[in-house]
Amino acid sequence: MKLLKDILYGVSLSAVSGDTNVMVNLVHFDSRKVSMDDVFIAVRGTITDGHKFIQKAVDLGARAIVCEELPELMVDGVTYLKVPDCNSALAIIAANFYDNPSKNLKLVGVTGTNGKTTVSTLLYNLFKKAGYKVGLLSTIKVMVDDKEYPASHTTPDVLTINDYLVKMNAAGVEFCFMEVSSHGIHQKRSEGLHFAGAIFTNLSHDHLDYHKTFAEYRDTKKKLFDGLPKTAFALVNIDDKNGLVMLQNTKARKYTYALKSYADYRAQILERQFNGQLLKMDDNELWSKLIGDFNAYNLLAIYATADILGLEKIEILRLMSELETVDGRFQYYISKKKITAIVDYAHTPDALKNVLITINALRTGNENVITVVGCGGDRDKSKRPVMGHIASEMSNQAIFTSDNPRTESPSAIIEEMEAGVEAQNTKKVLSIENRKQAIKTACKLAVANDIILVAGKGHETYQETNGVRVDFDDLKEVKEALSSLGK
């Protein structure tokens, strides 16, 4: 148990009713989990408002309530704490409750529209290869040194984050690499954490269903850098015009990387092949199994971060040459009939365009590119026609299908994608609502040396419709479909 006033250290309090010199058990923002002597924080969510469940939490035995509006009925023996922002209070209380575990390791946040998972995962892999105990908080999984936990969100809630960091402290972890999403920053899930550094990869059209404007989306990302201390580092991609914006108000040491601009860390692509690319980095050549310009940026960010964190440059390059592709990020499979299938998480216009640019740069010109792509339901609708345009314009054949329709009609989503197809490309487009059937059709249309891109879901092993998730793995489906062609 903890003393209530101790876990309130650093929290902005507008009003206090009751005693803060009491012992409390656990901290919750879900009233259903509250039990005797717990603290309940009434967070306002996107779907429901925690203030509606204050009395329920009290009935279940809550000793303290943190809220933005004090309830009309206040029960004797319960401490009520009014704060300006419950999300911010939750972040600080969570860190205090777990004894600020982020202070005991070097936590590096990775943000941007694309590349977060690749950069954070490969940094984890590189530092593991270098002999360190390392942690990872990513979209795909959470790693506490060698122990793996499943991941449910890009940025978990602050209680979960701090719980994992405590586990990392106990395991002797020295470095932790963490994806930091714009949702996570906006909901204050990264507040209360002590970052040793932050990396900005790029910014493009995404999450405008949540942030409403691109400027708001950009400025939300920027808050991660604004909050860095002088002891931290800020590393940004300045080939992206938003890179320098991230550095405007940061107190951290500033570093830049680029392929095209003058920067602290630069790289040049010397050779491209389907099994990798040759890069020149710091006057040294590096052969990497990761291909594409977007991966050249990711590799440069990894190299710069490892250098800033003190690894030897030649050792970094050696370890980078051993790095493998991250699950669902340009994973490829070549069938017996010499058809190449690529599975990629590309679910934004910029990511889809980058993957298709990479594929087209590797073609001899005689192969067909067949793209299977959908757009998620209950998400930014404005990107759907853009995705439809890119897929139809840059492929020989495009098949529009379901992604995770969630509560929306799959056929309505596909129609919105079709709206972006220009007249000269309409004959190149098929619409097949069933994703499994769409992948099968792509495989049947392909002949030797053709390239199939299955985009949008990447590492995900499910498809979500109306709150129900069923098993679905793009890589597994495309492998089975291609294998059945030879039978």
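Enquirer: It is not clear to me how the pairing of strand β15 (residues 253–258) should be interpreted in this structure. Could you clarify?
Expert: In terms of strand pairing, strand β14 (residues 233–237) meets β15 through five bridges, oriented parallel. Following the sheet pairing, Leu-235 is matched in β15 by Tyr-255. Note: β15 against strand β16 (residues 265–273), two bridges, orientation parallel. Looking across to β16, one finds that Ala-258 is bridged to Arg-266.

Enquirer: What am I meant to see in the packing of aromatic side chains here?
Expert: We describe a pair of aromatic rings using the distance from one ring centre to the other and the angle between the two ring planes. Scanning all chains against the criterion turns up nine aromatic pairs. Ring centres of Phe-127 and Phe-175 lie 4.8 Å apart, and the angle between their planes is 55 degrees; on these two criteria the pair is classed as tilted. Of this pair, Phe-127 sits in helix α4 (residues 116–129) while Phe-175 sits in strand β12 (residues 175–179), and the two are 48 residues apart along the sequence. Given a relative accessible area of 0%, Phe-127 falls into the buried group. Centroid distance Tyr-265 to Tyr-303: 6.2 Å. Interplanar angle 80 degrees. Geometry classified as edge-to-face.

Enquirer: Which parts of the structure should I look at to understand the pattern of salt bridges?
Expert: A side chain of one charge can pair with a side chain of the opposite charge if their charged atoms are brought near each other. This structure, assessed with the given rule, holds 27 salt bridges. The salt bridge partner of Lys-381 is Glu-408, with a shortest N-O separation of 3.8 Å. Taken together, the residues span a long stretch of sequence, with Lys-381 in the loop between β21 (369–373) and α13 (383–394) and Glu-408 in the loop between β22 (397–400) and α14 (410–418) at a distance of 27 residues. Given a relative accessible area of 46%, Lys-381 falls into the partly exposed group. Where Glu-477 meets Lys-436, a salt bridge forms, and the shortest distance between an N and an O atom there is 2.9 Å. You can see Glu-477 sitting in helix α16 (residues 474–485) and its partner Lys-436 sitting in helix α15 (residues 435–445), a full 41 residues away along the chain. When its relative accessible area of 34% is taken as the criterion, Lys-436 is described as partly exposed. A network of salt bridges, in which partner residues are shared, links Arg-44, Asp-49, Glu-68 and Glu-69.

Enquirer: What should I look at first to understand the packing of helix α3 (residues 86–97) against helix α5 (residues 158–171) in this one?
Expert: Each packed pair of helices is defined by two parameters, the angle between the axes and the distance between the axes. Relative to each other, α3 and α5 sit at 20 degrees, their axes nearing to 9 Å. Classified by the angle between their axes, α3 and α5 sit roughly parallel to one another. For the pair α3 and α5, the sense of crossing is right-handed. Residues Leu-90, Ala-91, Ala-94 and Ala-95 of α3 pack against Val-158, Leu-159 and Asn-162 of α5. Residues of the contact of α3 with α5, tallied by class, amount to six nonpolar, one polar and no charged.

Enquirer: What's the story with the layout of surface pockets in this structure? I'm lost.
Expert: Remark: the empty space left among the atoms is shown by a probe the size of a water molecule rolled over them. In this structure, the second largest pocket occupies an estimated 310 Å³ of space. Taken together, the residues of the lining of the second largest pocket sort by class into six nonpolar, four polar and three charged.

Enquirer: Mind showing me how you'd approach α14 here?
Expert: Listed in full, the buried residues belonging to α14 are Ile-413, Ile-414 and Met-417. On an axial view of α14, the arc spanned by its buried residues comes to 100 degrees, and they lie on one face.

Enquirer: Please explain the environment of Glu-179 as it appears in this structure.
Expert: Turning to its location among the elements, Glu-179 is positioned in strand β12. For Glu-179, a relative accessible area of 1% gives the class buried. Separated by 71 residues in the primary sequence, Glu-179 and Val-108 have C-alpha atoms spaced 8.6 Å apart. Of the polar contacts made by the side chain of Glu-179, one reaches the backbone nitrogen of Thr-139; its length is 2.7 Å.

Criteria and thresholds
Residues numbered from 1 in each chain as written. Predicted model: local features only at pLDDT ≥ 70, side-chain atom pairs only at ≥ 80, totals over all residues. Heavy atoms only, no water. Pairing = 2+ DSSP bridges. Helix = DSSP H or I, 4+ residues; strand = E, 2+ residues; numbered from the N terminus. Phe/Tyr/Trp six-rings, centres within 6.5 Å; stacked < 30°, edge-to-face > 60°. Buried < 20%, exposed > 50% of the residue type's maximum accessible area, 1.4 Å probe, protein only. Salt bridge = Lys/Arg side-chain N within 4 Å of Asp/Glu carboxyl O. Axes fitted to C-alpha atoms, helices over the stretch in contact; angles between N-to-C directions. Parallel < 35°, antiparallel > 145°, perpendicular 65-115°, else oblique. Left-handed = near helix turned anticlockwise from the far one by under 90°. Contact = heavy atoms within 4.5 Å. Nonpolar A, V, L, I, M, F, W, Y, C, P; charged D, E, K, R; others polar. 1 Å grid on protein atoms, 1.4 Å probe; cavity = no way out; pocket = protein on both sides within 12 Å on 5 of 7 lines; lining within 4 Å. Points joined across faces, edges and corners; volume = space filled by probe spheres on them. Arc of directions from axis to C-beta. Polar contact = N/O pair within 3.5 Å; in protein donor to acceptor, adjacent residues only side chain to side chain.

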